[in-house]
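Here are the chains, one letter per residue:
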Amino acid sequence: MDRLSLGVLASGRGSNFQAIIDAIEAGRLNAVVKLLVVDNPNAFAVERAKKHSIEYLCINANEFTTKDDFFLGIAEELKTRGVELVILAGFMRIVRKPLIDAFPHRIMNIHPALLPSFPGLHGQKQAVDYGVRISGCTVHFVEEGMDTGPVIIQAAVPVSPDDTEDTLSGRILKLEHRIFPEAIRLFSEGRLRVEGRVVKISGYKLDDGFVVNPRLS
Ligand code: GAR
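None of these values were measured; they are calculated from a predicted model. (Residues numbered from 1 in each chain as written. Predicted model: local features only at pLDDT ≥ 70, side-chain atom pairs only at ≥ 80, totals over all residues. Heavy atoms only, no water.)

Caption draft 1: Region of the structure containing the layout of surface pockets. A volume near 770 Å³ is recorded for the largest pocket. Residue lining of the largest pocket: 33 residues in total, with Gly-90, Phe-91, Met-92, Ile-110 and Pro-112 positioned closest to the centre. Broken down by secondary-structure element, the contributors of at least two residues to the lining of the largest pocket are α1 (15-25), β5 (107-111), α5 (123-130) and α6 (165-188). Per element, the largest residue contribution to the lining of the largest pocket is four residues, and it comes from α6. Residue composition of the lining of the largest pocket, by class: 12 nonpolar, 15 polar and six charged. (1 Å grid on protein atoms, 1.4 Å probe; cavity = no way out; pocket = protein on both sides within 12 Å on 5 of 7 lines; lining within 4 Å. Points joined across faces, edges and corners; volume = space filled by probe spheres on them. Helix = DSSP H or I, 4+ residues; strand = E, 2+ residues; numbered from the N terminus. Nonpolar A, V, L, I, M, F, W, Y, C, P; charged D, E, K, R; others polar.)

Structure follows, in structure tokens:
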């Protein structure tokens with residue numbers, strides 16, 4: 001099977017980007033990252049791209065008249081490179097219509113909470129402040145709106161009353177690094193189909209849709 005062409009968008013340290021690179025290099029994911037786009041020139045994700053000889057671009061939103069133009073600009077760069085699936089790996093902006101229309105149900109996001117709980121910034125802090133007993137992370141297809149769209153994989157972690165935003169974030173991040181490459185692998189194998197707001201996974205096994213007990217991992 002041909003390798004799936006990925007475009008990655010990131011704003012910060014890029015540890016999820018690294019997890020995807022590692023999965024590819026370990027032969028667990030039949031894909032190639034064609035382009036990294038950052039919206040912030042100081043994003044550490046750029047260092048990771050350099051180290052792995054991946055092309056990168058810093059696209060400054062302030063150089064565009066409107067937000068829609070900014071996202072159209074990104075879509076054009078991705079299309080030019082033959083990108084088939086767009087990965088939001090800690091990309092801290094709400095994606096606008098021109099990019100979504102260019103890649104319908106071909107944009108995946110990871111979020112550090114069990115959506116639809118705690119969307120937006122600091123999903124882990126929101127979970128600690130709310131006092132939930134279980135939180136986790138979600139990979140979903142992107143639609144217009146913040147952290148909305150059909151869920152592909154979720155992973156759950158227990159939350160202790162002693163947890164802080166930092167301790168919970170660390171526990172969740174380990175699972176993010178597992179489920180994001182896994183969701184991309186399911187896509188690359190042509191096993192994901194969106195029906196309404198539900199993602200159907202063909203040849204579904206219990207482990208495909210979620211990971212529950214991090215103590216087993
Ligand atoms: C991750 O925890 C990701 O889930 C979160 O940003 C972090 C990026 O880390 N994304 C969101 O909150 C999206 N709403 P990384 O740059 O090390 O991958």
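Caption draft 2: Structural context of the site of the ligand. Surveying the vicinity of the ligand reveals the residues Arg-13, Gly-14, Ser-15, Asn-16, Gly-90, Met-92, Ile-110, His-111, Pro-112, Gly-120, Asp-147 and Glu-176. In the environment of the ligand, an oxygen atom lies 2.5 Å from a nitrogen or oxygen atom belonging to the side chain of Arg-13. Side-chain polar atom of Ser-15 to an oxygen atom of the ligand: 2.6 Å apart, as the coordinates give it. Within the complex, the protein chains bury 91% of what would otherwise be the 450 Å² of accessible surface of the ligand. When atoms are counted within 2 Å of each cavity's grid points, the one that captures over half of the ligand is the largest pocket. For the shell around the ligand, a count of residues per class yields three nonpolar, six polar and three charged. (Near = heavy atom within 4 Å. Polar contact = N/O pair within 3.5 Å; in protein donor to acceptor, adjacent residues only side chain to side chain. Areas by Shrake-Rupley, 256 points an atom, 1.4 Å probe, with all protein chains shown as cover. Sits in = over half its atoms within 2 Å of the grid points.)

Caption draft 3: View of the pattern of salt bridges. Overall, the coordinates contain 13 salt bridges when judged by the stated rule. In this structure, Glu-189 and Arg-191 form a salt bridge, with 3.2 Å as the shortest nitrogen-oxygen distance. For Glu-189, a relative accessible area of 33% translates into the label partly exposed. Residues participating in the shared-partner salt-bridge network are Glu-182, Arg-185, Glu-189 and Arg-191. (Salt bridge = Lys/Arg side-chain N within 4 Å of Asp/Glu carboxyl O. Buried < 20%, exposed > 50% of the residue type's maximum accessible area, 1.4 Å probe, protein only.)

Caption draft 4: Inspection of the environment of Val-142 at higher detail. Within the element layout of this structure, Val-142 appears in the loop between β6 (134-141) and β7 (151-158). Apart from the residues within four sequence positions on either side, Val-142 is in contact with Leu-88, Val-95, Ile-100, Ile-107, Met-108, Asn-109 and Thr-148. (Contact = heavy atoms within 4.5 Å.)

Caption draft 5: Quick look at the packing of aromatic side chains. Enumeration according to the criterion identifies five aromatic pairs in this entry. Ring geometry for Phe-118 and Tyr-130: centres 5.7 Å apart, planes at 55°, overall tilted. Highlighted residues: Phe-118 in the loop between β5 and α5 and Tyr-130 in helix α5, separated in sequence by 12 residues. Grouping aromatic residues by their ring pairs yields a cluster made of Phe-64, Phe-70, Phe-71 and Phe-91. In this arrangement the basic side chain of Lys-79 is found over the ring face of Phe-103, its NZ or CZ atom lying 4.2 Å from the centre. (Phe/Tyr/Trp six-rings, centres within 6.5 Å; stacked < 30°, edge-to-face > 60°. Lys NZ or Arg CZ within 6 Å of the ring centre and 35° of its normal.)

Caption draft 6: Structural detail: the confidence of the model for the chain. Per-residue confidence for the chain gives a mean pLDDT of 93; residues scoring 70 or more make up 94%. Per-residue pLDDT stays below 50 along residues 213-217; that stretch engages in six contacts with residues further than four places along the chain or on separate chains. (pLDDT = per-residue confidence, 0-100.)

Caption draft 7: Representation of helix α3 (residues 67-80). Under the 1.5 Å per step criterion, the end-to-end length of α3 is 20 Å for 14 residues, consistent within 8% with the ideal 20 Å. Among the residues making up α3, those that are buried are Phe-70, Phe-71, Gly-73, Ile-74, Ala-75 and Leu-78. Buried residues in α3 make contact with β1 (4-10), β2 (31-38), β4 (85-88) and α4 (97-102). Looking at the residues trailing α3, positive phi occurs at Gly-82, about 75°. (Expected span 1.5 Å × (residues − 1).)

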